[in-house]
Amino acid sequence: MSDVRIDDLPVRDELRGKSPYGAPQLDVPVRLNTNENPYPLPEPLVERIAERVREAARGLNRYPDRDAVELRTELARYLTRTTGHELSLAHVWAANGSNEVIQQLLQTFGGPGRTAIGFEPSYSMHGLIARGTGTAWISGPRHDDFTVDVEAAAKAIAEHQPDVVFITTPNNPTGNAVPAETVLALYEAAQAAKPSMVVVDEAYVEFSHGDSLLPLIEGRPNLVVSRTMSKAFGAAGLRLGYLAAHPAVVDAVQLVRLPYHLSAVTQATALAALEHTDTLLKYVDQLKAERDRLVTELRALGYEVTDSDANFVQFGRFDGEGGAHEVWRKILDRGVLVRDNGVPGWLRVTAGTPDENDAFLDAVRELKKELHA
Ligand SMILES: *Cc1c(COP(=O)(O)O)cnc(C)c1O
């Protein structure tokens, strides 16, 4: 035990009194709180990872390929194949999770004296990474139904002249996708104001009913699309995120990346996973069907549900005493952990396996009965 606390240390002023990011991980049978893919990697892929990592281990006395050429080439091939938009190595950059990609973007285009904006509720890490990089954070507006209020957002951009604009689509924690017209309108607003970088966070796009916005990078050097292998690829433990943008953006982030930031083991593992893309994307189809089932069944039970293009569903509304947190606890009492994101009146549940989703639906069904008893 130590009697010295964080605030007793000479930490930066903007970190004083703050808490680290993190969903509570509780040891319960059904964990549907962090948007992970519930399916472990298939055994043939596990074998392939072991093979490629063994190969990489023979060269661990040397630094890894700091430009991750083979991996970026394969990521570009995956993006080309799934979006129909022709990309090459030069358009793609990879790092340890898309959180690191976002950090590198903020180190490059944000930083002290600069500002970034997001439209909240959205992914809270955007604001936290902004703070960590000394970038001022502005919380922009949304409509009550969680769609982006284009007029108000454009006005906020004109007023604050941010250096970086974040648009998360499909959005976390609400689940809804942002239409291309909205992204284009905000891109125009951001270019008129400053010009600034627009980062489209597509962490969940593989689960979407619609298409990726990646083709929008064509002719728009200030537009960046960020992606991850943490969700659709079922590889949250791998820590591999990437971006697609004009090659100049890829050159720019190399000004701030740490040398050899992506280990040889990470590169080998990600390459093995990309060899099994088709198998992994079949799980995505199952999860999309389960996501749609959760939406339908929750609505049938009388809950309000935000349209979802992600692997999770936002449901409510829990007004009145205790509100959402009280309901979160009651669901937990039934052995199911969902997420209380702090959006007043709403909770978020990640689509799990059919059995896990059944356990969740049983819990909320019982709850409904209890509330009406
Ligand atoms: C989960 C998530 C990420 C992924 O972060 P990683 O660092 O790649 O695991 C990025 N953006 C959003 C909106 C997310 O929800």
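Residues numbered from 1 in each chain as written. Predicted model: local features only at pLDDT ≥ 70, side-chain atom pairs only at ≥ 80, totals over all residues. Heavy atoms only, no water.

## Notes on the sheet that holds strand E10 (residues 312-316)
Spatially, E9-E10-E12 is the arrangement adopted by the 3 strands of the open sheet, whose pairing is antiparallel. In this open sheet, the two strands that pair with only one neighbour each are strand E9 (304-305) and strand E12 (346-350). The pairing of E9 with E10 spans 2 bridges and is antiparallel. Looking at E10, one finds that Val-305 is bridged to Phe-315. Contacting E9, E10 and E12, helix H9 (residues 277-300) runs over the sheet at an angle of about 10 degrees to E10. (Pairing = 2+ DSSP bridges. Helix = DSSP H or I, 4+ residues; strand = E, 2+ residues; numbered from the N terminus. Contact = heavy atoms within 4.5 Å. Axes fitted to C-alpha atoms, helices over the stretch in contact; angles between N-to-C directions.)

## A look at the environment of Trp-328
Tracing the sequence through the fold places Trp-328 in helix H10 (residues 323-333). Here the alpha-carbon distance between Trp-328 and Trp-346, two residues 18 residues apart in the chain, equals 9.5 Å. In this view, Trp-328 contacts Leu-26, Leu-337, Val-338, Arg-339, Asp-340 and Leu-347; residues no more than four positions away in its chain are not counted. Side-chain polar atoms of Trp-328 contact the backbone oxygen of Val-338, separated by 2.7 Å. (Polar contact = N/O pair within 3.5 Å; in protein donor to acceptor, adjacent residues only side chain to side chain.)

## Points about helix H11 (residues 354-372)
The end-to-end C-alpha separation of H11 is 27 Å, in line with the 27 Å expected for 19 residues at 1.5 Å each. Taken as a whole, H11 has its buried residues at Asn-357, Phe-360, Leu-361, Ala-363, Val-364, Leu-367 and Lys-368. Viewed along the axis of H11, the buried residues span an arc of 155 degrees, placing them on a single side of the element. Those residues of H11 that are exposed and angled more than 90 degrees off the buried face are Asp-355 and Lys-369. Contact partners of the buried residues in H11: H9, E10, H10, strand E11 (336-337) and E12. (Expected span 1.5 Å × (residues − 1). Buried < 20%, exposed > 50% of the residue type's maximum accessible area, 1.4 Å probe, protein only. Arc of directions from axis to C-beta.)

## Quick word on the sheet that holds strand E3 (residues 115-119)
Spatial ordering of the open sheet is given by E2-E8-E7-E6-E5-E3-E4, a layout of 7 strands whose pairing is mixed. Since the sheet does not close on itself, it has two edges, and those belong to strand E2 (92-95) and strand E4 (136-140), each with one partner. Neighbour-to-neighbour, the strand axes of this sheet turn through a mean angle of 25 degrees, independent of strand direction. Two strands pair when backbone bridges link them, and E3 and strand E5 (residues 164-168) are joined in this way by 2 bridges, in the parallel orientation. Looking across to E5, one finds that Ala-116 is bridged to Val-164. Helix-sheet contacts for helix H3 (residues 98-109) involve E2, E3, E5, strand E6 (197-201), strand E7 (223-228) and strand E8 (241-244), and the interaxial angle to E8 is about 50 degrees. Each of E3, E4 and E5 touches helix H5 (residues 150-160); the most contacted strand, E3, lies at about 170 degrees to it.

## Things to note about the packing of helix H2 (residues 69-83) against H9
The contact between H2 and H9 brings their axes to 13 Å, and the two run at 50 degrees. With respect to each other, H2 and H9 are oriented oblique. In the packing of H2 onto H9, the handedness of the crossing is right-handed. Residues Tyr-78, Arg-81 and Thr-82 of H2 touch H9, and the partners they reach there are Thr-277, Asp-278 and Leu-281. Each residue belonging to the contact of H2 with H9 can be placed in one class, and the counts come to 2 nonpolar, 2 polar and 2 charged. (Parallel < 35°, antiparallel > 145°, perpendicular 65-115°, else oblique. Left-handed = near helix turned anticlockwise from the far one by under 90°. Nonpolar A, V, L, I, M, F, W, Y, C, P; charged D, E, K, R; others polar.)

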